[in-house]
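Working through the structure, step by step
Listed here are the chains, written in short residue letters.
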Amino acid sequence: MLCKMKRCGKEIPDDAIFCPYCGKAQKKDPKKPASRADGLMERKLTIDGVRISFYGKTEREIQNKILEYRAQKERQKAKAQLFESVADEWSEKHFATLSPTSLRGYKRPLERAIEHFGAEDISQITPRDCQAFVGKLCRQGYARKTISTHVQILKMVFDFAIIYGYMDVNPMAAVKLPKDLPQRVRQPADEATLKIINSSWQEPFGLLPFLCRYTGLRRGEALALQGKHFDFENKLIFVEQTVYWEGNKPRLKAPKTKAGVRPVPLVDVLGEKIRALDLAPEQFLFSGPGGGLLTFSQQQDQWEKYLLSVGLATYDPIRRLCHPNLELHQLRHNYASDLYDLRIGEKEMEEIMGHTDAQFSRSQYVAVRGQALQQAAEQINRLFAAQA
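Residues numbered from 1 in each chain as written. Predicted model: local features only at pLDDT ≥ 70, side-chain atom pairs only at ≥ 80, totals over all residues. Heavy atoms only, no water.

So, the packing of helix α4 (residues 127-139) against helix α5 (residues 144-163)
Filter applied, for reference: What counts as an axis is a line fitted to C-alpha atoms, over the stretch in contact for a helix, and the angles between N-to-C directions run from 0 to 180 degrees. A run of H or I in DSSP becomes a helix once it reaches four residues, and a run of E becomes a strand once it reaches two; helices and strands are each numbered from the N terminus. Under this scheme an angle from 65 to 115 degrees is roughly perpendicular, one under 35 degrees roughly parallel, and one over 145 degrees roughly antiparallel; angles in between are oblique. In this scheme the crossing of two helices becomes right-handed for a clockwise turn of the near helix relative to the far one and left-handed for an anticlockwise turn of less than a right angle. By the convention used here, residues are in contact when the closest approach between their heavy atoms is within 4.5 Å. The nonpolar class holds Ala, Val, Leu, Ile, Met, Phe, Trp, Tyr, Cys and Pro. Asp, Glu, Lys and Arg form the charged class, and all remaining residues, Gly among them, are polar.
At a closest axis distance of 10 Å, the pairing of α4 and α5 adopts a crossing angle of 155°. Considering the angle they form, α4 stands roughly antiparallel to α5. Here α4 and α5 pass one another in a crossing that is right-handed. Of the residues in α5, those in contact with Cys130, Phe133, Val134, Leu137 and Cys138 of α4 are Ile147, His150, Val151, Leu154 and Phe158. Here the residues of the contact of α4 with α5 sort into nine nonpolar, one polar and no charged.

Put into structure tokens, the structure is as follows:
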């Protein structure tokens, strides 16, 4: 209902306290603000589920503050409905829970999503829009795993938007990945590379690839090894921690899963070389100038120098870049393939590799060697020949 003001003649809502045109009070507020000891008046309101106090010397001052607060909330809500604003709000809350390693893998996909959807009202984004974004990534040649990361991040952003009332339905729920996406499979190092690793272990930093070759450890696990982790009597290495980097600074943490904490066989060819170093219990196998953990740049620099020195990398003098022909993680694939060829049991293989699922070890890490494949073909041929 509307009420006509006597002073200005304007019609205003019947429940309005003050006229926005002439400023005259229409009627007394039935809930008069409480007076405080300091002379200020106080009114408490619940707005969007939050209890808020407003203070002023007069009722009119308090009412103006309430009106301004509500207007500001409306402006913020309108701005927050943009995909970019919601994505920034989500990342501010979610990224704080991630490890630096995971954070590096999330940032660029989120940036690409913001570049694509940034200025759009998030509530108006449809499954068709999301499928078009996935199609764009496919045409740009990204592998299945990379595109899956984009899809996962978008689903989390939209779920966040639903929880906070910016939209009602997650448009990514109906999005499907094409079946024929390229999938990058990291291959084990070839025999020529393994020979170089075996013969160059005494080179600076050459012990790192040698160790990974015969243990299957991840880079962070290998760089975190100390003297106390080697049991020469029982021929075991105890993996209890891993290195990660915050920027350039090294940090220690437990492996990301319980399966990552595990004993790994210490083979003689490696054990004799480690034992000769006579490490103190707290001494790192790979350390920086002061005996502490290697910074990210130190370990990267030493790794590239090693590769160049043994012919496993090329150097671009114009761009000043090292182009490696070997990734350290490839040696983990070699080790898994060796375990498979030796007919190591699935449970044992799962524990040694630090995986929670033996199927993952087989599908992602085991490569069928050419010789083994040839032997299998011969066995099948003999079987069918006998049956003919």
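Describing a positive patch on the surface
To keep things clear, this is the line we draw: Every patch collects residues that have over 30% relative accessible area and no salt bridge, joining them within 9 Å if they carry like charges and within 5 Å if they are nonpolar side chains (Val, Leu, Ile, Met, Phe, Trp, Tyr). Here, Shrake-Rupley sampling with a 1.4 Å probe gives the accessible areas, and only protein chains in the shown set may cover a residue. Each salt bridge in this description consists of a side-chain nitrogen of Lys or Arg and a carboxyl oxygen of Asp or Glu lying within 4 Å of one another. None of His or the chain ends enter the tally, which takes Lys and Arg as positive and Asp and Glu as negative. Charge placement uses NZ in Lys and CZ in Arg. For Asp and Glu, CG and CD serve respectively. Burial status follows relative accessibility: with a 1.4 Å probe on protein chains alone, a residue under 20% of its type maximum counts as buried, one over 50% as exposed, and anything between as partly exposed.
Together, Lys6, Arg7, Lys24 and Arg60 make up a region of like positive charge exposed at the surface. Inspection of the secondary structure assignment puts Arg7 in the loop between β1 (2-4) and β2 (11-13). The class of Arg7 is exposed, set by a relative accessible area of 57%.

A look at the sheet that holds strand β6 (residues 230-231)
This is how it is decided: At least two DSSP bridges between two strands are required for those strands to pair.
Pairing is antiparallel across the open sheet formed by three strands, whose spatial order is β6-β7-β10. Bordering the open sheet on either side are β6 and β10 (262-265), each of which pairs with just one other strand. With two bridges connecting them, β6 and strand β7 (residues 236-239) associate as antiparallel partners. Residue Asp231 lies in a different strand from β7, and its bridge partner there is Leu236.

What about the pairing of strand β12 (residues 321-324)?
Pairing analysis gives four bridges linking strand β11 (residues 313-316) to β12, with the strands arranged antiparallel. Across the sheet, Asp316 pairs through a bridge with Leu321, a residue of β12. Counting the residues in the hairpin turn of β11 and β12 gives four residues, including Arg320, whose phi is positive at 55°.

Concerning the pattern of salt bridges
One pass over the full model with this rule turns up 13 salt bridges. Two residues, Arg218 and Glu221, come together in a salt bridge whose shortest N-O distance is 2.6 Å. For Arg218, a relative accessible area of 24% puts it in the partly exposed group. According to the relative accessible area criterion, Glu221 is buried, its value standing at 3%. One network of salt bridges, with partners in common, ties together Arg108, Glu111 and Glu115.

Thoughts on helix α10 (residues 296-309)
In plain terms, the rule: Take the number of residues in a helix, subtract one, and multiply by 1.5 Å to get its expected span. Arc, as used here, means the arc of the directions from the helix axis to the C-beta atoms.
Its 14 residues place the ends of α10 20 Å apart at the C-alpha level, agreeing with the 20 Å of an ideal helix rising 1.5 Å per residue. Listed as buried for α10 are Gln299, Trp303, Tyr306 and Leu307. Angularly, the buried residues of α10 cover 95° about the axis, an arc narrow enough to put them on a single face. Contacts from the buried residues of α10 go to α6 (191-199), α7 (207-215), α8 (219-223), β8 (242-246), β11 and β12. Remark: Gly311 follows α10 within two positions and exhibits a positive phi of approximately 80°.

Concerning the nonpolar core
Defined as follows: Among the buried residues, those of types Ala, Val, Leu, Ile, Met, Phe, Trp, Tyr and Cys that are joined through side-chain atoms within 4.5 Å form a nonpolar core.
Residues Leu211 and Leu285 are the most contacted members of the largest nonpolar core, which totals 46 residues. Take this core: its biggest share by element is six residues, from α7. Ignoring any residue separated from it by four or fewer positions in sequence, one finds Leu211 in contact with Gly216, Leu217, Ala222, Leu225, Leu270, Ile274 and Leu285. Counting residues in each nonpolar core, the second largest holds 30 residues, with Phe133, Leu137, Leu154 and Ala161 among its members.

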